[in-house]
Protein chains: 2
Amino acid sequence: MSATDPNPGACVIVIGNEILSGRTRDENLPWLAEQLAGLGVPLVEARVIPDEHDIIVEAVNTCRARHAHVFTTGGIGPTHDDITTAAVAAAFGVAVVRDAGARARLQAYYGQGELSAARLKMADMPLGAELIDNPVSGAPGYRIGNVYVLAGVPAIMRVMFDSIRSRLHGGPPIISRTVAAFARESAIAPDLAAIQARFPQVAIGSYPFVRDGRFGTSIVLRGTDPQRLDAGAAEVRAMFRQLGAELAAVQ
Amino acid sequence: MSATDPNPGACVIVIGNEILSGRTRDENLPWLAEQLAGLGVPLVEARVIPDEHDIIVEAVNTCRARHAHVFTTGGIGPTHDDITTAAVAAAFGVAVVRDAGARARLQAYYGQGELSAARLKMADMPLGAELIDNPVSGAPGYRIGNVYVLAGVPAIMRVMFDSIRSRLHGGPPIISRTVAAFARESAIAPDLAAIQARFPQVAIGSYPFVRDGRFGTSIVLRGTDPQRLDAGAAEVRAMFRQLGAELAAVQ
């Protein structure tokens, strides 16, 4: 990524035993990756960690020091296994306090008399947190420092991200071109390395695939300058032609 | 996980710009998570990192010190962006050498006279590495110390993992029971916490969902003792019944 992006990068921390156990397939990471690329904020690291206090604290502190933006998903609900807020507060060395604004939102969402202790838990935030809207289910996410604490349920995570989108100031959007052909990686490696050397501002990745029993390779060119990407993609196509390789549909 | 598993844990490091850019959806992590759970080797951390030397070195060294088993995926092909082997060797402080066994396998796979420099690159391994079979496309993976270096292409990664499966000695398989109902998490939080307190050997997770516009919650009980899991699941079902919540299909 460094070849293409002078922009400050982002890190996503997926918090949840259900992902690590294989029970639930994470949908948030690929979605956030695409959105962040579109905002010109490259995702440069992601972690998946269990719902364990010390591990969350360590991951939040390591990642917020290392990256311009950190997004966590999961663990901010009302049940006993929702421990993200306590851990994030510990990471920042601040208390967990009941946020009046969050309480008012929960009150409005659930109605008078329905604010049980479990629901009120979702108004508890690290001191100094700034709320993030949740029109789907009331309970807000929040930002503290450069850490955005989002829900784990994809539909809720997405509306939360949409509400903070305008605050994320990245560079020009990172765009890509892909050229695929039925040629093995090992047949194109030297020529491809030469193209990469001629296009230092473009990050060129090579991804082998097997389709209907045939080996092929997708070449992905990423960067911020569409003209350089088009020029690089043209060289890749010419390389495949010269090798007599049949172009393949991009998937 | 700590409540259920005294077993040594595992970490997966997904190496690849294509995952972080959102272009490619990682399929290896959920598959490995399930396989490892079945072997009684809980996955306790995963990272997704770019194809950058220093970042790979740091991740490999941090994770191999912290976890019993580390699995990397990606970056071991023949092209310029395949830098995993150089980074893993640097992490272990050993040289990259051309492995005679790996060379023989590539020779057998590609045939006489077809061993280009690019293909031979796939016979380069950290000194002291032990080969992992790749019946799909010849080029082997390898193990060095507690780090298993696997391919990124899912079909190849899987056969590599299958060939090392018998070497991974975990505890009893980690199994689960799931009970789902149309009840909001906040309605069950206190009762569920009480059940968790009565079943300290079972890790109970609560996962909200929205289905056809209705809010529901899946309760997942995980551990190694099927009888305790069944007893805990029975209590969860009784809790939902008492609340008048309609049970939902488990997804």
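Starting from 1, residues in each chain are numbered consecutively following that chain's sequence as written. Written order decides the labels, with chains lettered from A and ligands numbered from 1. Local features in a predicted model are, by the rule used here, given only for residues with pLDDT of at least 70; side-chain atom pairs are given and counted only at 80 or more, and totals for whole chains, interfaces and linings are based on all residues.

What follows covers the overall build of chain A. A run of DSSP states H or I qualifies as a helix once it reaches four residues; a run of E qualifies as a strand once it reaches two. Both are numbered from the N-terminal end. For chain A, the helix and strand inventory stands at nine helices and 12 strands. If one aligns the C-alpha atoms of chain A with their principal axes, the spans along those axes are about 75 × 35 × 30 Å. Residues with at least 20 neighbouring C-beta atoms inside 10 Å of their own are called buried, those with 12 or fewer are called exposed, and the rest are partly exposed, where every C-beta is derived from the backbone. With 251 residues in all, chain A has 52% of them scored as buried. Note on contacts: each residue gets a C-beta atom placed from the backbone, and two residues are in contact if those atoms are within 7 Å. Taking all contacts inside chain A whose residues are at least 6 apart in sequence as the whole, residues at least 24 apart take part in 70%.

At the junction of the two partners, chain B supplies 50 residues and chain A supplies 50 residues. Counting residues per element, the ones that place at least two in the side of chain B that touches chain A are α1 (17-20), α2 (28-38), β2 (43-49), α6 (117-121), α8 (185-198), β10 (203-211) and β11 (214-223) of chain B. Relative to β2(B), strand β2 (residues 43-49) of chain A runs antiparallel, the two being bridged by three bridges. Residue pairing for β2(B): Val48(A) is matched across the bridge by Ala46(B). Only strands that DSSP links by at least two bridges are regarded as paired with each other.

Attention now moves to the sheet that holds strand β11 (residues 214-223) of chain A. Residues and elements named next belong to chain A. With antiparallel pairing, four strands are arranged side by side in an open sheet as β10-β11-β9-β12. The open sheet has two edge strands with one neighbour each: β10 (203-211) and β12 (247-248). When strand β9 (residues 175-181) meets β12, the two strands line up antiparallel, connected through two bridges. For Ala181, the partnering residue across the bridge sits in β12 and is Leu247.

Moving on to the environment of Asp191(A). As for its position among the elements, Asp191(A) is in helix α8 (residues 185-198). Here the alpha-carbon distance between Asp191(A) and Phe240(A), two residues 49 residues apart in the chain, equals 9.6 Å.

Let us now look at the packing of α2(B) against helix α7 (residues 154-164) of chain B. Residues and elements named next belong to chain B. Here the axes come from fitting lines to C-alpha atoms, over the contacting stretch only for helices, and the angles between their N-to-C directions go from 0 to 180 degrees. At a closest axis distance of 11 Å, the pairing of α2 and α7 adopts a crossing angle of 20°. Between α2 and α7, the interaxial angle falls into the category roughly parallel. In the packing of α2 onto α7, the handedness of the crossing is right-handed. Contact with α2, carried on its side by Asn28, Trp31, Leu32 and Gln35, involves Pro154, Met157, Arg158 and Phe161 of α7 and no other residues of that element. Here the term charged refers only to Asp, Glu, Lys and Arg, the term nonpolar to Ala, Val, Leu, Ile, Met, Phe, Trp, Tyr, Cys and Pro, and the term polar to all other amino acids, Gly among them. Classifying every residue of the contact of α2 with α7 gives five nonpolar, two polar and one charged. Here roughly perpendicular refers to angles of 65 to 115 degrees, roughly parallel to angles under 35, roughly antiparallel to angles over 145, and oblique to all remaining angles. Whether a crossing is left-handed or right-handed is set by the direction in which the near helix is turned from the far one by less than a right angle, anticlockwise for left-handed and clockwise for right-handed.

With that out of the way, let us pick up the domain arrangement of chain A. All the domain ranges listed were derived from an automatic or database domain assignment. Domain assignment breaks chain A into domain 1 (10-167) and domain 2 (175-248). Between the C-alpha centres of domain 1 of chain A and domain 2 of chain A the distance comes to 38 Å.

Looking now at the environment of Ala183(A). Looking at where Ala183(A) falls in the secondary structure, it is placed in the loop between β9 and α8. Excluding its chain neighbours within four sequence positions, the residues that come into contact with Ala183(A) are Ile188(A), Gly216(A), Thr217(A), Phe240(A), Leu243(A) and Ala245(A).

Apart from glycine, the bulk of residues carry a negative phi angle, and the bulk of peptide bonds sit in the trans form. All names here are of chain A. Even without being a glycine, Asp212 presents a positive backbone phi close to 50°. You can see Asp212 is positioned in the loop between β10 and β11. Classification of Asp212 as exposed rests on a count of 6 C-beta atoms within 10 Å.

A word on the sheet that holds strand β12 (residues 247-248) of chain B. All names here are of chain B. Spatial strand order, β10-β11-β9-β12: four strands in an open sheet with antiparallel pairing. In this open sheet, the two strands that pair with only one neighbour each are β10 and β12. Where strand β9 (residues 175-181) meets β11, seven bridges bridge the pair, whose relative direction is antiparallel. Residue pairing in the sheet places Ala181 in a bridge with Thr217 of β11. Along the sheet, helix α9 (residues 226-242) contacts β9, β10, β11 and β12; its crossing angle with β9, the most-contacted strand, is approximately 5°.

Moving on, we get to the pairing of strand β3 (residues 69-73) of chain B. All names here are of chain B. Within β3, five of the five residues are buried, which leaves it mostly tucked inside the rest of the structure. With burial as the criterion, each face of β3 is covered, one bearing His69, Phe71 and Thr73 and the other bearing Val70 and Thr72. Strand direction decides the pairing type here: strand β1 (residues 10-15) and β3, joined by five bridges, are parallel. Note that in β3 the partner of Val14 across the bridge is Thr73.

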